[in-house]
Amino acid sequence: MYKIAVAGTGYVGLVAGVCFAEVGHQVTCVDIDEKKVELMRSGVSPIYETGLEELMKKNYSVGRIEYTTDFKSAYKDADAIFIGVGTPEQPDGSANLSYIATVARQIAESVEKDCLVVVKSTVPVGTNDKVEQFIQDFLVNDVKVEVASNPEFLAQGSAVYDTLHAERIIIGTESKWAEDMLTKIYEPFHLPIVSVNRRSAEMIKYASNDFLALKISYMNDIANLCELVGADIQDVAKGMSYDERIGSKFLNAGIGFGGSCFPKDTKALEYIAKQNGYELKTVKAAIDVNKEQKTMLYKKASKRLITFNGLKVAVLGLTFKPGTDDLREAASLENVPLLLEQGADIYAFDPVGAENFAKVHPEGKSGKGSITYVSNIEHALEGSNVCFIFTEWGEVKAITSDTYKKLMRTPLVYDGRNIYPVEDMQEAGVEYHSIGRKPAIREDIKESKNLELQNS
Ligand code: UDX
């Protein structure tokens, strides 16, 4: 078993650290945030992630994991140091590498024995060559330090499971010593290991994420066409999924992809291509479709209602997907400001994301409109004029069409996640618009006494 230090305790670093401890390694997680370190020592996870806290507590109690701000003591005698700090997107789409550079410098100034530095963060191809050079430049002691690439494929909400049961471990190394060491570190996981050179490993991460982003944008594009030609995207996806070359995963059309990876990694790869004088047309298309998709329902609803001024608007789901409190690039962040600008009185429900959302949009009046956070869906729906669904939380899925009909002042639902069968809504008398499927239109509206909505 190895002595491992992990730099950064976000999704990537903390989950990796905890899982390394779980398989028996001796782990020290390093973060600059003193409060966060205190929190983790008391057994509390700074992120909402299924199963993480249990493993933190278990491994902390047996002394296999510790948390510190003292990077020097953590790095000085580590066999391997994993870097899992953020590489946030910059305005031009490129990745900000300053956190990685800071950690690399701290490592160079601290290590007192030969050590393997493993970069887990997603970085532009060629970055790890630079990180190695950078460490050599600042190295204080006469020791060997090599850099390996080991991209992370975990999805938020299932991060611990994804790490312990990954479909593959990618290791990118430039020497036998580094390859052997990293292979041994991963041996206790009993997972398939793909060993390639450093640049290929860096590229595998982008190429994989961007392929999935493309798959989603492609389905969203086809969904929009389905609506125009009278096809149903869910039936189309089902028919496609039986072809094993296509597969059944990531075929769900919706309100566009969000999160910390797909939006960032598509823009980063497009930027890398541009820097190299190449236009990555496919990835650019994925980005463009996604941008349009995020406000697709808002645009539809605007046409239908003309104005949201004075309407009670229920918003169900704020996070970029269920199972996380993360709001990064969530559709809600695009749509809520548009609604508020228009004077909507929003009642928002999210089982875990409301607190974070309130930091961006505090409860109360906002512009011409207002926003209120409710902990129960019925409260949001009661007396509302229109409802938007941005995240497919279990609580939202559990709402019946009759509940919408009963509680809403005017039962009009815009569903960005295709949660309910259109027929159910039609039968219940709810006007229902989703993505890539025919709408359910209320009979009374068909007969056209139409828009009490506009004036209420
Ligand atoms: C993703 C990758 O899955 C993971 O391998 C990588 O390491 C990081 O990025 P994550 O962002 O946590 O993980 O979530 P994921 O479940 O992949 O969903 C990303 C976005 O795509 C969400 O907004 C989700 O709603 C959307 N999505 C996903 C769809 O719109 N349709 C689908 O079929 C699947």
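For the structure, check the block above.
Okay, so let's go over this structure. (Residues numbered from 1 in each chain as written. Predicted model: local features only at pLDDT ≥ 70, side-chain atom pairs only at ≥ 80, totals over all residues.)

Taken together, the neighbourhood of the ligand is formed by 18 residues, with Ala155, Asn252, Phe257, Gly259 and Cys261 sitting nearest. Its residues placed into classes, the shell around the ligand shows ten nonpolar, six polar and two charged. (Near = placed C-beta within 6 Å. Nonpolar A, V, L, I, M, F, W, Y, C, P; charged D, E, K, R; others polar.)

This part covers helix α1 (residues 11-22). In a regular helix each residue adds 1.5 Å, so twelve residues correspond to 16 Å; α1 covers 16 Å between its end C-alpha atoms and thus fits that length. With twelve of its twelve residues buried, α1 lies for the most part within the structure. What α1 keeps buried is the set Tyr11, Val12, Gly13, Leu14, Val15, Ala16, Gly17, Val18, Cys19, Phe20, Ala21 and Glu22. Residues of α1 that are buried in the fold lie against β1 (3-7), β2 (26-30), α3 (52-61), β3 (65-68), β4 (80-83) and α7 (159-164). Positive phi shows up at Gly24, right after α1, with a value of about 115 degrees. (Helix = DSSP H or I, 4+ residues; strand = E, 2+ residues; numbered from the N terminus. Expected span 1.5 Å × (residues − 1). Buried ≥ 20, exposed ≤ 12 C-beta atoms within 10 Å, placed from the backbone. Contact = placed C-beta atoms within 7 Å.)

Packing of helix α11 (residues 262-275) against helix α12 (residues 281-294) brings their axes to within 9 Å, and their N-to-C directions diverge by 145 degrees. For the crossing formed where α11 meets α12, the hand is left-handed. Contacts between α11 and α12 involve Thr266, Lys267, Leu269 and Glu270 from the former and Val283, Lys284, Ala286 and Ile287 from the latter. In the contact of α11 with α12, the residues fall into four nonpolar, one polar and three charged. (Axes fitted to C-alpha atoms, helices over the stretch in contact; angles between N-to-C directions. Left-handed = near helix turned anticlockwise from the far one by under 90°.)

Okay, the sheet that holds strand β13 (residues 386-389) next. Across the sheet, seven strands lie side by side as β11-β12-β10-β9-β13-β14-β15; this open sheet has mixed pairing. If you trace the sheet from one side to the other, it starts and ends with β11 (364-366) and β15 (431-433), each paired once. The average undirected angle you get between the axes of adjacent strands in this sheet is 20 degrees. Pairing between strand β9 (residues 312-316) and strand β10 (residues 345-349): five bridges, direction parallel. Counted as the bridge partner of Val315 is Ala348 from β10. (Pairing = 2+ DSSP bridges.)

Looking now at the nonpolar core. Formed by 80 residues in total, the largest nonpolar core has its most connected members in Val15, Ala80, Ile81, Ile83 and Val117. Counting residues in hydrophobic clusters, the runner-up holds 47 residues, among them Ala301, Ala330, Ala348 and Ala380. (Core = buried A, V, L, I, M, F, W, Y, C linked by C-beta atoms within 7 Å.)

With that out of the way, let us pick up the environment of Val118. Positionally, Val118 belongs in strand β5 (residues 115-119). A residue is classified by how many C-beta atoms lie within 10 Å of it, and Val118, with 26 of them, is buried. Between the C-alpha atom of Val118 and that of Gly323, which follows or precedes it by 205 residues, the distance is 28 Å. Non-local contacts of Val118, meaning those with residues more than four positions away in its chain, are made with Ala80, Phe82, Ile83, Ala148, Asn150 and Leu182.

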